[in-house]
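Residues per chain, in single letters:
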Amino acid sequence: MNISVVIPLYNEDESLRELYEWIDKVMKVHNYSYEVIFINDGSTDNSWEVIQQLQREYPEQVRGIKFRRNYGKSPALYCGFERAQGEVVITMDADLQDSPDEIPELYRMIMEDGYDLVSGWKQKRYDPLSKTIPTKIFNATVRSVSGIRNLHDFNCGLKAYRKEVIKNIEVYGEMHRYIPYLAKNAGFSKIGEKVVKHQARKYGITKFGLSRFVNGYLDLLTLWFFSRFGVRPMHFFGLLGSLMFFLGFISVIIVGANKLYLLHTGGGYRLVTDSPYFFLSLTAMIIGTQLFLAGFIGELISRNAPERNNYKIEKEI
């Protein structure tokens, strides 16, 4: 099979048939063998009924997954990736803002140009400033943290993947925003970008609020930490804890030495506990000890993790 199209959706019943017929038209023109996997993420409208009808009409091409409740885009993509069989996997949103006409070029870039992943870039967007400005700031931050400098739009739903990529990454939580980063951490470094057409929403309203930007930064911090220290937490917590303990210990010595100096020179008698620096020093030592122990416990957990030495071997002769 040439292409699997994975489409997560939530309350998009008005657009599903039109989207599928558009995809089908593009596939037939280019003579691709394909499947479309709709993941109904707990919709409360008639989305599942539309998917069932499409599956009855096109049993060879249409597959459907229905969640009991709304889990989010990442779980939907995870389940779609598990079932995808095509050599190239295309993801797109169900709201008709992503154009299926982009599929042939995305497929060519994977199969002929040798990219592992190609991300769409909606250079011209039909979104309000309240969405576009935070998006630009967000993407600039992700480029800096991930080191993937050539991508302008990490969160674009229209992406193409080599099959091996989606079978070797785990999309969880709300990590769908960082699939290129996940792919890079899994060893797939040939990541490209294609300018794609962004269309105005035809039906309904957007399902994403501004909270996604806050959650996005928290997820980015988590992903950065796990990519750097996931199997060696002692390198982070142990180093930070040791530095804090050392600074606190040196500060206690300075406070004590200052007390002895005053006693020796007759500068007056004063309890070390009268100095706020004494308590700050003790606090630093305590926090440093706790951080060190957190790293030690994390190291013990990491060493017993079954996937600790689950390395992805590309070739063996």
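Residues numbered from 1 in each chain as written. Predicted model: local features only at pLDDT ≥ 70, side-chain atom pairs only at ≥ 80, totals over all residues. Heavy atoms only, no water.

1. Concerning the overall build of the chain
Alright, step 1. Helix and strand counts for the chain come out as 10 helices and seven strands.
Alright, step 2. Buried residues in the chain amount to 44% of all 317 residues.
Alright, step 3. In the chain, the share of contacts with a sequence separation of at least 24, taken over all contacts with a separation of at least 6, comes to 80%.
Alright, step 4. With the model as given, the accessible surface of the chain reaches about 17,500 Å², and the carbon-plus-sulfur share is 58%. (Helix = DSSP H or I, 4+ residues; strand = E, 2+ residues; numbered from the N terminus. Buried < 20%, exposed > 50% of the residue type's maximum accessible area, 1.4 Å probe, protein only. Contact = heavy atoms within 4.5 Å. Areas by Shrake-Rupley, 256 points an atom, 1.4 Å probe, with all protein chains shown as cover.)

2. Observations concerning the nonpolar core
The nonpolar side chains of soluble globular proteins are, as a tendency, buried together.
Alright, step 1. Counting 35 residues, the largest nonpolar core has Ile 3, Val 5, Ile 7, Ile 23, Phe 38, Ile 90 and Met 92 as its most contacted members.
Alright, step 2. Only strand 1 (3-9), helix 1 (13-29), strand 2 (34-40), helix 2 (47-57), strand 4 (88-91) and helix 4 (103-111) provide two or more residues apiece to this core.
Alright, step 3. Here this core takes seven residues from helix 1, the largest share from any one element.
Alright, step 4. Contact partners of Ile 90, with chain neighbours within four places excluded, come to Ile 3, Ser 4, Val 5, Val 6, Ile 103, Leu 106, Leu 158, Lys 159 and Ala 160. (Core = buried A, V, L, I, M, F, W, Y, C linked by side-chain atoms within 4.5 Å.)

3. Here we look at helix 9 (residues 234-265)
Alright, step 1. The first and last C-alpha atoms of helix 9 sit 45 Å apart over 32 residues, in line with the 46 Å expected at 1.5 Å per residue.
Alright, step 2. All of the buried residues along helix 9 are Met 234, Gly 238, Gly 241, Gly 248, Val 255 and Lys 259. (Expected span 1.5 Å × (residues − 1).)

4. Some remarks on the pairing of strand 3 (residues 62-66)
Alright, step 1. Summarising the sheet, strand 2 and strand 3 pair through five bridges and their orientation is parallel. Within the sheet, the bridge partner assigned to Asn 40 lies in strand 3 and is Lys 66. (Pairing = 2+ DSSP bridges.)

5. What about the side chain of Lys 122?
Alright, step 1. By the element assignment, Lys 122 lies in the loop between strand 5 (117-121) and helix 5 (129-146).
Alright, step 2. Taking relative accessible area as the criterion, Lys 122 reaches 8% and is therefore assigned buried.
Alright, step 3. Here the side chain of Lys 122 touches Asp 98 through a polar contact of 3.1 Å, side chain to side chain.
Alright, step 4. Beyond its immediate stretch of four places on either side in the chain, Lys 122 contacts Asp 98, Asp 153, Cys 156, Val 196 and His 198. (Polar contact = N/O pair within 3.5 Å; in protein donor to acceptor, adjacent residues only side chain to side chain.)

6. Topic: the packing of aromatic side chains
Alright, step 1. Summed over the entire model, instances satisfying the criterion amount to eight aromatic pairs.
Alright, step 2. With centroids separated by 4.7 Å and ring planes inclined at 50°, the aromatic side chains of Tyr 20 and Tyr 58 adopt a geometry described as tilted. Of this pair, Tyr 20 sits in helix 1 while Tyr 58 sits in the loop between helix 2 and strand 3; the two residues are 38 residues apart in sequence, bridging distant segments of the chain.
Alright, step 3. Summarising the aromatic geometry, the rings of Tyr 32 and Tyr 107 are spaced 4.9 Å apart at their centres and angled 50° between planes, so their arrangement reads as tilted. Taken as a pair, Tyr 32 in the loop between helix 1 and strand 2 and Tyr 107 in helix 4 lie far apart in primary sequence, 75 residues in all. (Phe/Tyr/Trp six-rings, centres within 6.5 Å; stacked < 30°, edge-to-face > 60°.)

7. Description of empty space enclosed by the protein
Rolled over the atoms, a probe as big as a water molecule pinpoints where empty space is left.
Alright, step 1. Applying the stated criterion across every chain, the model contains one cavity of 30 Å³ or more.
Alright, step 2. In this structure, the largest cavity spans a volume of roughly 80 Å³.
Alright, step 3. Taken together, 13 residues form the lining of the largest cavity, with Lys 73, Leu 77, Thr 91, Cys 156 and Gly 157 sitting closest to its centre.
Alright, step 4. Elements with a contribution of two residues or more to the lining of the largest cavity: helix 3 (73-83) and strand 6 (159-162).
Alright, step 5. Split into classes, the residues belonging to the lining of the largest cavity amount to seven nonpolar, four polar and two charged. (1 Å grid on protein atoms, 1.4 Å probe; cavity = no way out; pocket = protein on both sides within 12 Å on 5 of 7 lines; lining within 4 Å. Points joined across faces, edges and corners; volume = space filled by probe spheres on them. Nonpolar A, V, L, I, M, F, W, Y, C, P; charged D, E, K, R; others polar.)

8. Focus on the pattern of salt bridges
Alright, step 1. The final tally for this structure, using the stated rule, is 13 salt bridges.
Alright, step 2. The partner of Arg 63 in a salt bridge is Glu 35, with the nearest N and O atoms 3.2 Å apart. Taken together, the residues span a long stretch of sequence, with Arg 63 in strand 3 and Glu 35 in strand 2 at a distance of 28 residues.
Alright, step 3. Looking at Glu 35, the relative accessible area reads 4%, which means it is buried.
Alright, step 4. Residues joined in a network through salt bridges with shared partners are Glu 105, Arg 108, Glu 112 and Asp 113. (Salt bridge = Lys/Arg side-chain N within 4 Å of Asp/Glu carboxyl O.)

9. Considerations on the side chain of Asp 93
Alright, step 1. Looking at where Asp 93 falls in the secondary structure, it is placed in the loop between strand 4 and helix 4.
Alright, step 2. Within the structure, Asp 93 has its side chain in polar contact with the side chain of Lys 73 (distance 2.9 Å).
Alright, step 3. With near-sequence residues (within four places) excluded, Asp 93 lies in contact with Ile 7, Leu 19, Lys 73, Asp 98 and Gly 157.

10. Comments concerning unusual backbone geometry
Alright, step 1. The backbone phi angle of Asn 11 is positive, close to 55°, even though this residue is not glycine.
Alright, step 2. The backbone of Asn 31 shows a phi angle near 60°, a positive value even though the residue is not glycine.
Alright, step 3. Tracing the sequence through the fold places Asn 31 in the loop between helix 1 and strand 2.
Alright, step 4. Taking relative accessible area as the criterion, Asn 31 reaches 69% and is therefore assigned exposed.

11. Some words on the sheet that holds strand 5
Alright, step 1. Pairing is mixed in the open sheet, where seven strands are placed in the order 3-2-1-4-6-5-7. The sheet is open, and its two borders are formed by strand 3 and strand 7 (191-195), each paired with just one other strand. Across the sheet, the mean angle separating the axes of adjacent strands is 20° when strand polarity is ignored.
Alright, step 2. The pairing of strand 5 with strand 6 spans three bridges and is classified as antiparallel. Paired with Ser 119 across the two strands is Lys 159, which belongs to strand 6.
Alright, step 3. Across the sheet, helix 3 is in contact with strand 1, strand 2, strand 3, strand 4 and strand 6; its angle to strand 1 comes to roughly 155°.
Alright, step 4. Against the sheet, helix 4 engages strand 1, strand 4, strand 5, strand 6 and strand 7, with an angle of about 140° to strand 4. (Axes fitted to C-alpha atoms, helices over the stretch in contact; angles between N-to-C directions.)

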